[in-house]
Amino acid sequence: MQYKRIAILMAMEQEALPIIEYYKLKKTAFFNPVVIYSNKDESIVLSLNGKSTEFGIDNIGSQAGTLNAYITIQNYSPDIIVNCGTAGGFSNKDTEIGDVFISNSRIIYHDRRISLPGGYTEYGIGFYKTINSDFIAKKLQLKQGLISTGDAFDLNEYDLKVMQENNVDVKEMEAAGIAWVCQLYNIDFTALKAITDFVDKPHKTGEDFLKNLNYASKRLKNKAVELIDYLSTDNSSAA
Ligand code: ADE
């Protein structure tokens, strides 16, 4: 599959800057609150969640990711959406700070507790589709993992239980919202996440995140560039 237009969806400007600089993307549009960067022929569109005008910070979380995905699909009709960002990992899974994971099989939510019969519990978890990443992970030497989304930066006992039951490798705050919109509109989806902190160790999540954000963002950029190059090339004879 060769993707002609690839949209990279990201939450925080600081995470995105290395990718924007590498491709020399220009700020080309604003659809409140989403900020669009693109190259000349718009074969690469990078859409940021934008800023909260109330708090002067980047919009983060599944709400902002969902809106970003909808706006990007409506305005650019990408062939695939790649959600790039940073995330929490699990130290008991042989993960290291700066490791970059690509999603495999499904994206779930770990904090949508709906204890009602008739499918609501499963609906809450979501199980959204992603493209098969087996070949890509091997070729680009990426870790493959199950990515789980929640709207809290920390986690509670229930979140951890859902993550353990589903053998989650990566905890972050946007992918499931974006994957849902992609599933609705039949757009291919994958996610690439670089680890900044461990969620299964007693630690100060925010401090570790801030300390490792630049390092992880650079590692993310290196792998994102390899992934975008791979997805925009005709690989039909390879996979
Ligand atoms: N992004 C980076 N670290 C994270 C964590 N521990 N939880 C959610 N999102 C994150």
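Scroll up to find the structure.
Here is what the cut-offs are and how they apply
- Residues numbered from 1 in each chain as written.
- Predicted model: local features only at pLDDT ≥ 70, side-chain atom pairs only at ≥ 80, totals over all residues.
- Near = placed C-beta within 6 Å.
- Helix = DSSP H or I, 4+ residues; strand = E, 2+ residues; numbered from the N terminus.
- Core = buried A, V, L, I, M, F, W, Y, C linked by C-beta atoms within 7 Å.
- Buried ≥ 20, exposed ≤ 12 C-beta atoms within 10 Å, placed from the backbone.
- Contact = placed C-beta atoms within 7 Å.
- Arc of directions from axis to C-beta.
- Pairing = 2+ DSSP bridges.
- Axes fitted to C-alpha atoms, helices over the stretch in contact; angles between N-to-C directions.
- Parallel < 35°, antiparallel > 145°, perpendicular 65-115°, else oblique.
- Left-handed = near helix turned anticlockwise from the far one by under 90°.
- Nonpolar A, V, L, I, M, F, W, Y, C, P; charged D, E, K, R; others polar.
- Expected span 1.5 Å × (residues − 1).
- Right-handed = clockwise from strand over helix to strand, strands pointing away.

Side note on the site of the ligand
Thinking step 1. Every residue close to the ligand is listed here: Thr86, Ala87, Gly88, Phe153, Lys171, Glu172, Met173, Thr196, Asp197, Val199, Thr205 and Phe209.
Thinking step 2. Breaking the shell around the ligand down by element, the ones donating at least two residues are strand E7 (80–89), strand E11 (170–172), strand E12 (188–198) and helix H7 (205–231).
Thinking step 3. Broken down by element, the shell around the ligand gets its largest block of residues, 3 residues, from E7.

Observations concerning the nonpolar core
Thinking step 1. Ranked by size, the top nonpolar core spans 58 residues in total, and within it Ile8, Ile81, Ile178, Ala179 and Leu192 carry the most contacts.
Thinking step 2. No other element matches the 7 residues that helix H6 (residues 175–184) contributes to this core.
Thinking step 3. In this structure isoleucine 81 touches Ala7, Leu9, Ala69, Thr72, Ile178, Cys182, Ile187 and Phe189, once residues within four positions along its chain are discounted.

Considerations on helix H1 (residues 13–22)
Counting along an α-helix, one turn takes 3.6 residues, and residues three or four places apart therefore face a common direction.
Thinking step 1. Buried within H1 are the following residues: Glu15, Ala16 and Ile19. All buried residues of H1 fall inside an arc of 80° around its axis, so they share one side.
Thinking step 2. Those residues of H1 hidden inside the fold are in contact with strand E1 (6–10), strand E4 (44–48), E7 and H7.
Thinking step 3. Residue lysine 24 follows H1 closely and has a positive phi angle near 50°.

Comments concerning the pairing of E7
Thinking step 1. The element E7 is largely enclosed, with a buried count of 10 among its 10 residues.
Thinking step 2. Side chains Ile80, Val82, Cys84, Thr86 and Gly88 project from E7 onto one buried face, and the interleaved Ile81, Asn83, Gly85, Ala87 and Gly89 project onto a second face that is buried too.
Thinking step 3. Inspection of the sheet shows E1 paired to E7 by 4 bridges, in the parallel sense. When the sheet's bridge partners are listed, leucine 9 is paired in E7 with asparagine 83.
Thinking step 4. Of the strand pairs in this sheet, E7 and E12 are connected by 10 bridges, and their pairing is parallel. From the neighbouring strand, glycine 89 faces E12, where its bridge partner is phenylalanine 198.
Thinking step 5. Bridge count for E7 against E11 is 2 bridges, and the pairing is antiparallel. The residue of E11 that forms the bridge with glycine 88 is lysine 171.

A closer look at the packing of helix H2 (residues 62–76) against H6
Thinking step 1. Two elements in contact, H2 and H6, have axes whose closest approach is 7 Å; the angle formed by their N-to-C orientations is 30°. With respect to each other, H2 and H6 are oriented roughly parallel. The two elements H2 and H6 cross, and the hand of that crossing is right-handed. Contacts between H2 and H6 involve Ser62, Gln63, Gly65, Thr66, Ala69, Tyr70 and Ile73 from the first element and Ala176, Gly177, Ile178, Trp180, Val181 and Cys182 from the second.
Thinking step 2. Residue classes in the contact of H2 with H6 are distributed as 8 nonpolar, 5 polar and no charged.

Side note on H2
Thinking step 1. Helix length check: H2, at 15 residues, gives a terminal C-alpha distance of 20 Å against a target of 21 Å (1.5 Å per residue), a fit within 8%.
Thinking step 2. Listed as buried for H2 are Ser62, Ala64, Gly65, Leu67, Asn68, Ala69, Ile71, Thr72 and Ile73.

Considerations on the pairing of strand E10 (residues 143–149)
Thinking step 1. With respect to burial, E10 is a largely interior element, 5 of its 7 residues being buried.
Thinking step 2. One ladder, built from 6 bridges, connects strand E8 (residues 100–109) with E10; its direction is parallel. Directly across from tyrosine 109, in E10, lies its bridge partner threonine 149.
Thinking step 3. Relative to E11, E10 is paired through 3 bridges, and the arrangement is parallel. Across the sheet, serine 148 pairs through a bridge with lysine 171, a residue of E11.
Thinking step 4. Viewed along the sheet, the connection from E10 through helix H5 (residues 157–165) into E11 turns out right-handed.

A look at the environment of isoleucine 57
Thinking step 1. Tracing the backbone through its elements, the reader meets isoleucine 57 in strand E6 (residues 57–58).
Thinking step 2. Along the backbone, isoleucine 57 and glutamate 13 are 44 residues apart, and their C-alpha atoms lie at a distance of 9.6 Å.
Thinking step 3. With residues up to four places along the chain from it excluded, the contact list for isoleucine 57 reads Lys51 and Ser52.

The values reported here are purely geometric and, on their own, carry no functional implication.
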